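Close look at the chain arrangement
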Amino acid sequence: MEKVNYGRMLDEKLAELTRTGERPALLLHACCAPCSSHTLLYLHSNFRITLYFYNPNIAPEEEYLYRRDELLRLVKELGLDIPVIDEAYDPAPFYALANGLEDLPERGERCQRCIALRLRAAGTKAAELGADYFTTTLTISPHKDAAFINCCGGEVAEECGVAYLFSDFKKHDGYKHSIELSHQYSLYRQDYCGCVYSRINKEKACPAEG
Ligand code: SF4
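What counts as what
- Going along each chain's sequence as written, the residues are numbered from 1 onward.
- In view of the model being predicted, local features appear only for residues whose pLDDT reaches at least 70, and side-chain atom pairs are presented and counted only at 80 or more, with totals across whole chains, interfaces and linings using the full set of residues.
- By convention here, the C-beta atom is placed from the backbone, and a residue is near a molecule or strand when that atom is within 6 Å of it.
- Secondary structure elements are defined from DSSP: runs of H or I of at least 4 residues count as helices, runs of E of at least 2 residues count as strands, and each element is numbered from the N terminus.
- Under the convention adopted here, Pro, Cys and the residues Ala, Val, Leu, Ile, Met, Phe, Trp and Tyr are nonpolar, Asp, Glu, Lys and Arg are charged, and Gly plus all remaining residues are polar.
- In this description, strands pair whenever DSSP reports at least two bridges between them.
- Counting other C-beta atoms within 10 Å of its own, a residue is labelled buried from 20 upward, exposed at 12 or fewer, and partly exposed in the gap between, with every C-beta atom placed from the backbone.
- Between N-to-C directions, angles cover 0 to 180 degrees, with each direction set by a line fitted to C-alpha atoms, over the stretch in contact for helices.
- Roughly parallel means an angle under 35 degrees; roughly antiparallel, over 145; roughly perpendicular, 65 to 115; everything else is oblique.
- Here is the rule for handedness: rotate from the far helix to the near one, and if that takes an anticlockwise turn smaller than a right angle the crossing is left-handed, while a clockwise turn gives right-handed.
- Throughout, a residue-residue contact means that the two C-beta atoms, derived from backbone geometry, are no farther apart than 7 Å.

1. A closer look at the site of the ligand
The ligand sits among Asn-57, Glu-106, Arg-110, Cys-111, Cys-114, Ile-115, Cys-193, Gly-194, Cys-195, Tyr-197 and Ser-198. Residue assignment for the shell around the ligand shows that the elements contributing at least two residues are helix H5 (109-129) and helix H8 (196-205). Per-element tally for the shell around the ligand: the top contributor is H5, with four residues. The residue makeup of the shell around the ligand, split by class, is six nonpolar, three polar and two charged.

2. Quick look at the sheet that holds strand S5 (residues 163-164)
With respect to topology, five strands assemble into an open sheet ordered S3-S2-S1-S4-S5, the strand pairing being parallel. At either end of the open sheet lies a strand with only one pairing partner, and these are strand S3 (84-86) and S5.

3. Section: unusual backbone geometry
Here the bond from Ala-59 into Pro-60 is cis, since omega is -5 degrees, no more than 30 degrees from zero. Even without a glycine there, the phi angle at Asp-173 is positive, about 60 degrees. Structurally, the position occupied by Asp-173 is in the loop between S5 and helix H7 (174-184). A count of 11 C-beta atoms within 10 Å places Asp-173 in the exposed class.

4. What about the environment of Ala-147?
The topology assignment puts Ala-147 in helix H6 (residues 146-160). The partly exposed category is assigned to Ala-147, around which 13 C-beta atoms lie within 10 Å. Residues Ala-147 and Ile-49, spaced 98 residues apart in sequence, show a C-alpha to C-alpha distance of 23 Å.

5. Looking at the packing of H5 against H6
Running from N to C, H5 and H6 cross one another at 40 degrees; their axes reach a closest spacing of 9 Å. Considering the angle they form, H5 stands oblique to H6. At the point where H5 passes H6, the crossing takes the right-handed sense. Only Phe-148, Ile-149, Cys-152, Gly-153, Val-156, Ala-157, Glu-159 and Cys-160 of H6 make contact with H5, whose side of the interface consists of Gln-112, Ile-115, Ala-116, Leu-119, Arg-120, Gly-123, Thr-124, Ala-126 and Ala-127.

Here it is in structure tokens:
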């Protein structure tokens, strides 16, 4: 089967919006500040963005709050006047979906369910707000399966009645740019994906000294 070029799909959409002068409303699901940095700069001239911080996978709560606060700081320092909706910390839906899948490696079924949970919440919120599109910053990560994320986004769009903005934000050196911006704004760059299982795996791979 031919591989879909999601980066090109996004570029074609941006070129179309630039040509027509339209600036639709986009609900952008954000996993953290570093992944949002390049993505925001890439999209903001073509979309009226609202950021959506919904990540019940993140543990512990202090980590969740720290990632959220870093996102708020980034938005302020970029001076983009973008509203941020952040949900109260409630990891219960994540633990319900991860039940029995705790030992699976990253990119397995637990991760697919985790991504689907967040995309479904973003699609639902986008419908509630009357947004024209929704999407997620998650495709910027080289550790994530962009094809899965985009397929899932397309399915959620059908359920919610809001268009999904297909994307691959790592294209055009997007990931590299996010690292440069993280240095420029001194952003916290976590060394584990987010859930307690990814944290345990990270600690096993790189045990703390002493
Ligand atoms: S490793 Fe990341 S994507 Fe996978 S379940 Fe944990 S937080 Fe979600």
